[in-house]
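# Structural characterization, general
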Amino acid sequence: MTLNDLENNAIGVLATMPERTPESVRMVLTTLLMLSTDLKAQTSADQLELCAQRIETKLFVRVNDASSIKFDGEFKPWLPQRRAEVEGHFYYPRYRRWLSQKGFVSTVLGVLDKDTDKIVGLLGDPLLAKPWSRRGLVVGHVQSGKTANYSGVISKAADYGYKFIVILAGMQEDLRAQTQERIEEGFIGSNSDKEAKDPIIGVGRLGLDRRPSTLTSRADDFKVMHARLTMPIQSLKEPLILVMKKNAKVLGNLVEWLKTKNKDPSGRISGTPMLLIDDEADNASVNTSANADSPTSINGRIRELLSLFDKNVYLGYTATPFANIFIDPESTDAMAREDLFPRDFIVSLDAPTNYVSAARLFGADGDLGDSLIAVEDHEANLPEKHKISWKVPALPPSLKEAVATFLLARAIRCCRGNGTNHSSMLINVSRFNDVQTQVTGLVKSELVRYLEACQGHAALPEAQALRDPALAELRRVWDDQFAGSVTETWFDVQQRLREAVGPVEVRKINGKSPDTLDYKRNEETGLHVIAVGGFVLSRGFTLEGLSVSYFLRSSMMYDTLLQMGRWFGYRDGYADVCRVYMTDDAIGWYSHISEAIDELRDEFKRMERANRTPLQFGLRVRSDPESLIITARNKMRTGKPVPHSISLGGTLIETTSLRKDALDQNRKLAEEFVASLDRQHGAKLVDAGWLWSGVSAAEVRDFVGRFRNYDDLCIKTQAGPVNAYIQARELDEMPEWDVCLFSPAKADAGPFTLGDRTVQLQERSSSWDTADDGIGYFRINGKSSRVASRGQERVGLTDEEVQTARGDFFEIPGNEGKSISDKAYRLARTRPLLMLHLLLLRESSPPQDQQAREERGALAWGISFKATGRPEQQVEYVVNTTWWKSNFQEDLEEAAEESEQADA
């Protein structure tokens, strides 16, 4: 028994107790520890106390129920009555008991019960005599336990009568095999690994009275030559389940094989309810690839597979509400007609309070923001944009530091008694296999250097040990990263270095490497690995015990960035030692999308309360300003300007990218505009700066129209569509505006003269770049990736409007204890707000051996649009796909590679 087993067993015992207190936690732990003499001898009082604290954290995990929007139509709810009629449920009760044994606390299991009831209740009634089809989508979070959720859905669906189940587990074989493994543990109960010591695993240890059959294994996707089924599909007594890649050829083989197993002369498989779960639903769209035929063939095969069954469900799972299925179709009508569109229901899952989310890392209120470490020294050795032929001369110093940080995190976990739990480090610096090979070799050399130092000198007294340069480097990193922030001391850690570093391996994870991350085969001792990879590690694959990530990728695409974020997930007991190394640009984009997604999830909950339909939510996503950037990526292959309509009601738009050649002209515009405002309206001095009220929409349009915007990159602030939106409302909804020139008293970037005013500059981190067409520009990045600071959208609101904003915000489930969002202030506005900012732009990643440059007095603007009270009138933006293709070609090429694998 390990400390991890002890912890899970204690949670199982405590779950049955009517009252759980700190005293009862420690009593149960002590009692159980007495039953294992070996573990008792190895466990210190400090380790047992840390174990007790982890249990207390888990016991008080909270999670809100899922929210849903649906189109009822002719659909009749069937689950409540069926629950009363059906006896002898087997699969779900067994699955639930297994999760409890794994340490899932009763509060989380209770929500899983309700969420899976909600989802299964929205599927078709498997006992209904007439044919039916259902289309739905579940929106979760990256690495948040979607597999656990759909394993529960599968188990419950099997209990109610679903007989044929297909899971599409992405496009990579490693991910498919990992999903197969989890389904075997959580649903099938037997191990398809022929070398396994015990063929009975997971739920199988709680009973095998009923056994699903499967035609896939950990080693093999579906193959006709291995698909042995001695009966027609209609004769299945227990469910048949397949875990497959989303691959056109494999799907086609399954379709043809099913046709041979169908005894119905009509050509359709009747009386056999079919459930298809697409675990990568954001990849199911028609036009996500440079190869236009590839997605079409995959979608065609999925539709063909569904149509073989007269009772079928397509249930997609995605980690982003900005799913391509909403954004990509050419028109609203095309979106509604798309056969995989979730026309019947969408369910949004909440994440437990112990989940490490984007908001906790990148959000304004994030409690884990100190885990982020900005990388600024990589360009000479590992530039974000490089060719396949790039030669890596050496590892950047920051990557060497990240390796040392991982080894120290391993040692800390050893001190805590978790040395045999899996531990991983992620290095994602290139999509090219050859570059990954070079990095793997250099990291291996670095690891050997530390291993030799630890084996030779870590056991010596501290003063002698630190004469070794490698150990001295570890001590320096310890002081920078962990000293004072963890309970362990350097003395504790030094004693564990040999134990921590010895088992660590470096593995290259890509489609051409024989290396794998076989966590299950190393459960007794744990797999301790530094994984170097690209695409394979960016889509759904879980790195167990991930504590340190080093990430150098230039993608600006929200869906891509979220999938690459393997550091999201659960880090119980070691979140304090986790670190994420990335550039300021990447930190900025993650901060931005974190806020955008939180706002969209809140919008989903508002739409649930208003009884909106999936089509209305799809339209909301399509018309969100953030959809512009995904449209740019998806349509880059066209090389033509692409119109895209969005709505601006209740949104914030800002000039986050500024042309260098327009700085003087825009500052002069600001001087003239402010002078005009003073003459026409008179300024009111407020804490944030100067506020003008009663400004006409025409004055605002004149300013926006004369400002030189960087239309290609800063798409949302293109003057044409913005002014068209304002003009359409200036006679009724937006006749009067507030305008604020911000000059925060707390700003410490120094004064700047604008006309007859002295304005306090606001400092923003920025990247300094030149586009392929020669235009130099600044792009605001870092954790304050917005132009406006948190709370500035409150300017101009009355006390009553502020109270309305607070009430509406905290009414949304899950917002308790959070700081009120600017979105809430925006929705409470009765007048839109034009915000003017004078910035000190500081270069975030200067060239090596050069000082960071500064630009003082750069003008940026933002508009906080009030919500509209009438049907939303969209305005048309133009995406310059030629510019995007030229400047973000790597995104296009990576998407093409993904499509080629899908058709291979």
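Each value, and the rule that gives it
- Residues numbered from 1 in each chain as written.
- Predicted model: local features only at pLDDT ≥ 70, side-chain atom pairs only at ≥ 80, totals over all residues.
- Heavy atoms only, no water.
- Helix = DSSP H or I, 4+ residues; strand = E, 2+ residues; numbered from the N terminus.
- Rg over C-alpha atoms; globule rule 2.2 N^0.38 Å.
- Buried < 20%, exposed > 50% of the residue type's maximum accessible area, 1.4 Å probe, protein only.
- Contact = heavy atoms within 4.5 Å.
- Lys, Arg positive; Asp, Glu negative; His and termini not counted.
- Charge placed at Lys NZ, Arg CZ, Asp CG, Glu CD.
- Phe/Tyr/Trp six-rings, centres within 6.5 Å; stacked < 30°, edge-to-face > 60°.
- Lys NZ or Arg CZ within 6 Å of the ring centre and 35° of its normal.
- Core = buried A, V, L, I, M, F, W, Y, C linked by side-chain atoms within 4.5 Å.
- Pairing = 2+ DSSP bridges.
- Salt bridge = Lys/Arg side-chain N within 4 Å of Asp/Glu carboxyl O.
- Polar contact = N/O pair within 3.5 Å; in protein donor to acceptor, adjacent residues only side chain to side chain.
- Axes fitted to C-alpha atoms, helices over the stretch in contact; angles between N-to-C directions.
- Arc of directions from axis to C-beta.
- Parallel < 35°, antiparallel > 145°, perpendicular 65-115°, else oblique.
- Left-handed = near helix turned anticlockwise from the far one by under 90°.
- pLDDT = per-residue confidence, 0-100.

### Concerning the overall build of the protein
Along its length, the protein carries 30 helices and 29 strands. Its C-alpha radius of gyration of 28 Å places the protein within 12% of the 29 Å reference for a compact globule of 904 residues. Residues classed as buried in the protein amount to 60% of the 904 residues present. Restricting the contact set of the protein to residue pairs at least 6 apart, pairs at least 24 apart contribute 80%. Side chains of the protein give 113 positive and 128 negative charges; the mean places of these two sets differ by 4 Å.

### As for the packing of aromatic side chains
How two aromatic rings sit relative to each other is given by the distance of their centres and the angle of their planes. Applying the stated criterion across every chain yields a total of 26 aromatic pairs. Here Trp78 and Tyr160 contribute two aromatic rings whose centre-to-centre distance is 5.6 Å and whose plane-to-plane angle is 85°, an arrangement assigned as edge-to-face. Note that Trp78 is positioned in the loop between strand 1 (67-70) and helix 5 (79-85) and Tyr160 in helix 8 (residues 146-160), a separation of 82 residues in sequence. The exposure class of Trp78 is buried, given its relative accessible area of 4%. When its relative accessible area of 5% is taken as the criterion, Tyr160 is described as buried. The interplanar angle of 90° and the centroid separation of 4.7 Å between the aromatic rings of Trp768 and Phe778 together place this pair among those described as edge-to-face. Highlighted residues: Trp768 in strand 25 (residues 762-770) and Phe778 in strand 26 (residues 776-780), separated in sequence by 10 residues. The exposure class assigned to Phe778 is buried, which follows from its relative accessible area of 3%. The cationic tip of Arg134 hangs over the ring face of Phe75; the distance from NZ or CZ to the ring centre is 3.6 Å. Between Lys156 and the ring centre of Tyr92, over which it is positioned, the NZ or CZ distance is 4.0 Å.

### Details of the nonpolar core
Soluble, globular proteins show a tendency: their nonpolar side chains are buried together. Ranked by size, the top nonpolar core spans 79 residues in total, and within it Phe164, Ile233, Leu254, Leu258, Phe362, Trp567 and Phe568 carry the most contacts. Sort the elements by how many residues they give to this core and helix 21 (residues 584-609) lands first, with 10 residues. When sequence neighbours within four positions are dropped, the list of residues in contact with Leu258 reads Phe164, Ile233, Ile269, Leu305, Leu308 and Phe309. The next biggest cluster of nonpolar side chains, apart from the first, holds 52 residues, and it includes Ala458, Phe482, Val532 and Val548.

### Quick look at the pairing of strand 14 (residues 546-551)
Of all 6 residues in strand 14, 6 are buried; the element is thus mostly enclosed. Pairing between strand 11 (residues 423-428) and strand 14: 5 bridges, direction parallel. Following the sheet pairing, Met425 is matched in strand 14 by Val548. The pairing of strand 14 with strand 16 (residues 579-582) spans 4 bridges and is parallel. The partner of Ser549 across the bridge, within strand 16, is Val580.

### Here's the deal with unusual backbone geometry
Even without a glycine there, the phi angle at Asn611 is positive, about 60°. The residue Asn611 is located in the loop between helix 21 and helix 22 (614-622) in this model. Residue Asn611 is classed as exposed on the basis of its relative accessible area of 65%.

### Brief notes about the pairing of strand 2 (residues 132-139)
With respect to burial, strand 2 is a largely interior element, 7 of its 8 residues being buried. Relative to strand 7 (residues 311-318), strand 2 runs parallel, the two being bridged by 8 bridges. Its bridge partner lying in strand 7, Leu137 is registered against Gly316.

### Focus: the pattern of salt bridges
Using the criterion set out here, one finds 59 salt bridges in the structure. Between Arg416 and Asp576 there is a salt bridge, with its nearest N and O atoms 2.7 Å apart. Taken as a pair, Arg416 in the loop between helix 15 (397-415) and strand 11 and Asp576 in the loop between strand 15 (569-570) and strand 16 lie far apart in primary sequence, 160 residues in all. For Asp576, a relative accessible area of 33% corresponds to the partly exposed category. The partner of Asp678 in a salt bridge is Arg757, with the nearest N and O atoms 2.6 Å apart. Of this pair, Asp678 sits in helix 24 (residues 663-680) while Arg757 sits in strand 24 (residues 757-760), and the two are 79 residues apart along the sequence. Its relative accessible area of 11% is what places Arg757 among the buried residues. Because the salt bridges share partners, they merge into one network encompassing Glu599, Arg786, Glu793, Asp822 and Arg826.

### Brief notes about the environment of Arg416
The exposure class assigned to Arg416 is buried, which follows from its relative accessible area of 4%. In this structure, the C-alpha to C-alpha distance between Arg416 and Val243, residues 173 residues apart in sequence, is 37 Å. Leave out the neighbours within four places in its chain, and Arg416 touches Leu3, Gln47, Leu50, Arg54, Val486, Glu488, Gly573, Tyr574, Asp576 and Val577. Reaching out from Arg416, the side chain makes a polar contact with the side chain of Glu488 at a distance of 2.9 Å. Within polar-contact distance, the side chain of Arg416 engages the side chain of Asp576 at 2.7 Å.

### Regarding the sheet that holds strand 14
In spatial order, the strands read 10-16-14-11-13-12; together these 6 strands make up an open sheet with parallel pairing. Here the strands that pair on one side only, and so sit at the sheet edges, are strand 10 (372-374) and strand 12 (505-509). Taking the axes of each pair of neighbouring strands and ignoring which way they run, one obtains an average angle of 15° across the sheet. The strands touched by helix 15 within the sheet are strand 11, strand 13 (528-533), strand 14 and strand 16, with strand 11 carrying the most contacts at an inclination of about 170°.

### A few points about helix 6 (residues 91-101)
Residues spaced three or four apart along an α-helix face the same direction, because each turn holds 3.6 residues. Among all positions of helix 6, only Tyr91, Tyr92, Arg94, Tyr95, Trp98 and Leu99 are buried. For helix 6, the angular spread of the buried residues around the axis is 160°, confining them to a single face. In this structure, the buried side of helix 6 is in contact with helix 7 (106-122), helix 8 and helix 9 (173-188). Phi turns positive one or two residues past the end of helix 6, at Gly103, with a value near 110°.

### Considering the packing of helix 16 (residues 433-457) against helix 19 (residues 490-501)
Relative orientation of the contacting elements helix 16 and helix 19 amounts to 130°, with a least axis distance of 9 Å. One element, helix 16, and the other, helix 19, form an angle in the oblique class. Remark: the crossing between helix 16 and helix 19 carries left-handed chirality. Contact residues: Leu447, Tyr450, Leu451, Cys454 and Gln455 in helix 16; Leu497, Arg498 and Val501 in helix 19.

### Side note on the sheet that holds strand 5 (residues 240-244)
One open sheet holds the 8 strands; their spatial order is 1-8-2-7-6-3-5-4, and the pairing between them is mixed. The open sheet has two edge strands, strand 1 and strand 4 (213-214), and neither has a second partner. Where strand 6 (residues 274-278) meets strand 7, 5 bridges bridge the pair, whose relative direction is parallel. Within strand 7, the position partnered with Leu276 by the bridge is Tyr314.

### Description of the side chain of Ser155
Tracing the chain through its elements places Ser155 in helix 8. A relative accessible area of 0% places Ser155 in the buried class. Engagement of the side chain of Ser155 in a polar contact is seen with the backbone oxygen of Ser151, the distance being 2.9 Å. With residues near it in sequence (within four places) discarded, Ser155 still touches Tyr91, Tyr92, Tyr95, Gly186 and Phe187.

### Describing the confidence of the model for the protein
Of the residues in the protein, 91% reach a pLDDT of 70 or more, and the chain-wide mean stands at 87. Note on residues 284-295: pLDDT is under 50 here. Beyond four places in sequence and across chains, it has 40 contacts.

### A short note on the side chain of Arg601
One can find Arg601 in helix 21. Within the buried core, Arg601 has no salt-bridge partner, and the shortest N-O distance to an opposite charge, that of Asp598, equals 5.2 Å. What Arg601 contacts, discounting residues up to four positions off in sequence, is Val139, Gly140, His141, Ala319, Pro321, Ser348 and Leu349.

### Topic: the environment of Ser106
Considering the arrangement of structural elements, one finds Ser106 in helix 7. The exposure class assigned to Ser106 is partly exposed, which follows from its relative accessible area of 34%. The sequence separation of Ser106 and Phe60 amounts to 46 residues, and the corresponding C-alpha distance is 9.7 Å.

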